[in-house]
Amino acid sequence: MSTATVPRLAARSVVDLLHDRGFGPFTGVPCSFLGPVITCLEAEHPQDYVIAANEGEAVAIAAGARLAGRHPVVILQNSGLGNTVNPLTSLCHTLRLPVLLLVTWRGRPGSPDEPQHELMGRITPDMLTAMDIRNEVLPDDPEVFAERLDEAAAHMAATGLPFAFIVPKGAIAPYPKPAVPAAEPAPPLMRRAEAIGEVVRAMDPRTLLVATTGKTARELECDWDRPENLYVVGSMGCASSVALGVAMHTDDRPVAVLDGDGAALMRLEALTTIGREAGTDLCHILLDNESYESTGAQPTASAGVDFCAVATAVGYRAVSDVSDARSLREAVLRAQRDGGAQLIRVRIAVGSDPNLGRPALRPPQSAARFMEAITQ
């Protein structure tokens, strides 16, 4: 039987209760379970919400805010809890800088979820406890939540240690997105599925293709499944490094990776390593819709990032910035013809098939099939 909580807390109530008790600013990486809170912050308190590229960075930002006298809140999916271990244990614990954590509970035992959340879902409370972080499940009643917030504040003041509320699926009710004024019409951009199709049709058929987690992997499997595809689930930001590892040890096969803007920002250091290995043939295709679409289309910081300039600075052999099908096809053909590390930034629109299914292939099967395809 599902353990999902019936929505009882309104996003505005959560934000107001936190603000009333002096908590803020907020920083973190989105999860759909906390999407309503983030939407509320963006709409009503934009000055109090900082978009972080990864969860460890968010903890460090919060630590700095605490040093400045604030009482920060870090928002994260429990799958990103691993990214926070070092700053929580060697920064916050060492300097006694308490931060409040709102950690979602993907993969909660008894609540069906994706395979990449199974292990972390099982160990989330124990992992927090092992880091000396007192934790409890987010209450589903505003009055109880207010009481527990007071207790959390008292605990942090007394110990100098963080406190975490674990947020189950459905614990927070949806927040209505505010109406956005109509903008001047712009040239239509491809959606991700269309861009993926252009890449697959243009690339060498023997290409080993690694796809980042989320809808990118799901759309690739749905429309273009082949043994030479690896669908990376979870481990956000790691797909380009996985592809580099494959490319460095597979001399006779072209290798490409379908990356995303949020994933690339989360592990931006991966570009520096790819650039250092610029002689390795790797076509790095970055699909950029300026959003974390899989968690509710919250904005990333990619609008202010010149990925091509970064790639050039760290040593990529060539870069392309495209936004239409013809330019994308030409860029893929050129990258695979010329070789070396090449970045193609593809500006795409938000949006996907609402009936897009989950991957049919289990992750271990995907990896085994891919390994076999490499040897063919």
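In case you missed it, the structure is sitting above this.
Residues numbered from 1 in each chain as written. Predicted model: local features only at pLDDT ≥ 70, side-chain atom pairs only at ≥ 80, totals over all residues. Heavy atoms only, no water.

*Asks:* Even after reading the chapter, I still don't get the packing of helix α7 (residues 192–202) against helix α13 (residues 325–338), so can you show me in this structure?
*Replies:* Two quantities define a packed helix pair, namely the angle between the axes and the distance from one axis to the other. Where α7 contacts α13, the two axes come as close as 9 Å, and the packing angle between them is 40 degrees. Of the two elements, α7 crosses α13, and the hand of that crossing is right-handed. Of the residues in α13, those in contact with A195, E198, V199 and A202 of α7 are A325, L328, R329, V332 and L333. Here the contact of α7 with α13 is built from residues that sort into seven nonpolar, no polar and two charged. (Axes fitted to C-alpha atoms, helices over the stretch in contact; angles between N-to-C directions. Helix = DSSP H or I, 4+ residues; strand = E, 2+ residues; numbered from the N terminus. Left-handed = near helix turned anticlockwise from the far one by under 90°. Contact = heavy atoms within 4.5 Å. Nonpolar A, V, L, I, M, F, W, Y, C, P; charged D, E, K, R; others polar.)

*Asks:* Even after reading the chapter, I still don't get helix α14 (residues 363–374), so can you show me in this structure?
*Replies:* Structurally, the α-helix is built with 3.6 residues per turn, so residues lying three or four positions apart point the same way. An ideal rise of 1.5 Å per residue puts 16 Å on twelve residues; α14 measures up with 17 Å between its terminal C-alpha atoms. For α14, the set of buried residues is S366, F370 and A373. For α14, the buried positions fall inside an angular range of 60 degrees around the axis, keeping them on one side. Turned more than 90 degrees away from the buried face of α14, the exposed residues are P364, M371 and E372. (Expected span 1.5 Å × (residues − 1). Buried < 20%, exposed > 50% of the residue type's maximum accessible area, 1.4 Å probe, protein only. Arc of directions from axis to C-beta.)

*Asks:* What is the right way to read the pairing of strand β5 (residues 134–137) from this model?
*Replies:* Looking along a regular strand, one sees the side chains alternate between the two faces of the sheet. Where β5 lies against strand β6 (residues 163–167), four bridges are found, and the strand directions are parallel. By the bridge assignment for β6, V137 is matched with I166. Running through helix α6 (residues 142–159), the crossover from β5 to the neighbouring parallel element β6 is right-handed. (Pairing = 2+ DSSP bridges. Right-handed = clockwise from strand over helix to strand, strands pointing away.)

*Asks:* Where do I start with the nonpolar core in this structure?
*Replies:* As a rule of thumb, nonpolar side chains are buried together in soluble globular proteins. In this structure, L18, V37, L100, F165 and I172 are the most contacted members of the largest nonpolar core, which totals 30 residues. Listed by contribution, the elements that provide at least two residues to this core are α1 (11–20), α2 (35–44), β3 (73–76), β4 (100–104), α6 and β6. Leave out the neighbours within four places in its chain, and V37 touches A11, V14, V15, I75 and I172. (Core = buried A, V, L, I, M, F, W, Y, C linked by side-chain atoms within 4.5 Å.)

*Asks:* Even after reading the chapter, I still don't get the packing of aromatic side chains, so can you show me in this structure?
*Replies:* Aromatic ring pairs are reported here in terms of the distance separating the ring centres and the angle at which the planes meet. A complete count under the given rule lists two aromatic pairs for this structure. Here F145 and F165 contribute two aromatic rings whose centre-to-centre distance is 5.4 Å and whose plane-to-plane angle is 75 degrees, an arrangement assigned as edge-to-face. With F145 in helix α6 and F165 in strand β6, this pair connects stretches of sequence that are 20 residues apart. Judged by relative accessible area, F145 falls into the buried class, the value being 0%. Taken together, the ring pairs connect F145, F163 and F165 into an aromatic cluster. (Phe/Tyr/Trp six-rings, centres within 6.5 Å; stacked < 30°, edge-to-face > 60°.)

*Asks:* Any chance you could explain the sheet that holds β5 here in plain terms?
*Replies:* Within a sheet, adjacent strands bond to each other through the backbone by hydrogen bonds, running parallel or antiparallel. Spatially, the six strands line up as an open sheet ordered β2-β1-β3-β4-β6-β5, and their pairing is parallel. Of all the strands in the sheet, just β2 (49–51) and β5 have a single pairing partner and so form its edges. Each neighbouring strand pair of the sheet contributes to a mean axis angle of 20 degrees, computed without reference to strand direction. Bridging between β4 and β6 involves five bridges; their strand directions are parallel. In the strand pairing of β6, L101 is matched with A164.

*Asks:* Quick question: what am I supposed to make of the pattern of salt bridges here?
*Replies:* A side chain with one charge can pair with a side chain of the opposite charge if their charged atoms come near. Applying the stated criterion across every chain yields a total of 18 salt bridges. Residue E198 pairs with R201 through a salt bridge whose shortest N-O separation is 3.3 Å. With E198 and R201 both in helix α7, this residue pair falls three residues apart, about one helical turn. Its salt-bridge partner being R347, residue D321 comes within 2.8 Å of it at the nearest N-O pair. Linking D321 in strand β13 (residues 318–322) with R347 in strand β14 (residues 341–347), this pair joins segments that are 26 residues apart in sequence. Owing to a relative accessible area of 38%, D321 belongs among the partly exposed residues under this scheme. Each of the salt bridges in this network shares a partner with another, and the network as a whole consists of R192, K215, E219 and E293. (Salt bridge = Lys/Arg side-chain N within 4 Å of Asp/Glu carboxyl O.)

*Asks:* Quick question: what am I supposed to make of the packing of α1 against α6 here?
*Replies:* Between α1 and α6, the least distance of the axes is 10 Å, while the angle of their chain directions is 30 degrees. The angle between the axes of α1 and α6 places the two elements in the roughly parallel class. Seen from above, α1 lies across α6 with right-handed handedness. The residues of α6 that touch α1, namely those facing V14, L17 and L18, are P142, F145, A146 and L149. For the contact of α1 with α6, the class distribution of residues is seven nonpolar, no polar and no charged. (Parallel < 35°, antiparallel > 145°, perpendicular 65-115°, else oblique.)

*Asks:* Please clarify how unusual backbone geometry should be interpreted in this entry.
*Replies:* For residues that are not glycine, phi is negative in most cases, and the peptide bond is trans in most cases. Here G24 and P25 are connected by a cis peptide whose omega angle stands at 5 degrees. Mapped onto the elements of the fold, P25 is located in the loop between α1 and β1 (26–28). One non-glycine residue, S235, lies in positive phi territory at about 40 degrees. Summarising the element assignment, S235 is placed in the loop between β8 (229–231) and α9 (239–248).

*Asks:* Looking at this model, I keep getting lost on the sheet that holds strand β7 (residues 208–211). Mind explaining?
*Replies:* On the basis of which strands lie adjacent, the open sheet formed by six strands has the order β8-β7-β9-β10-β14-β13 and parallel pairing. Single-partner strands in this sheet number two, and they are β8 and β13. Direction aside, the axes of adjacent strands within the sheet are offset by 15 degrees on average. Pairing of β7 with strand β9 (residues 255–260) involves four bridges; the strand directions are parallel. The residue bridging A211 from the neighbouring strand is L258, located in β9. Packing against the sheet, α14 makes contact with β7 and β8, and its axis sits at approximately 155 degrees to β8.

Don't take any of this as a statement about function, it's just geometry.
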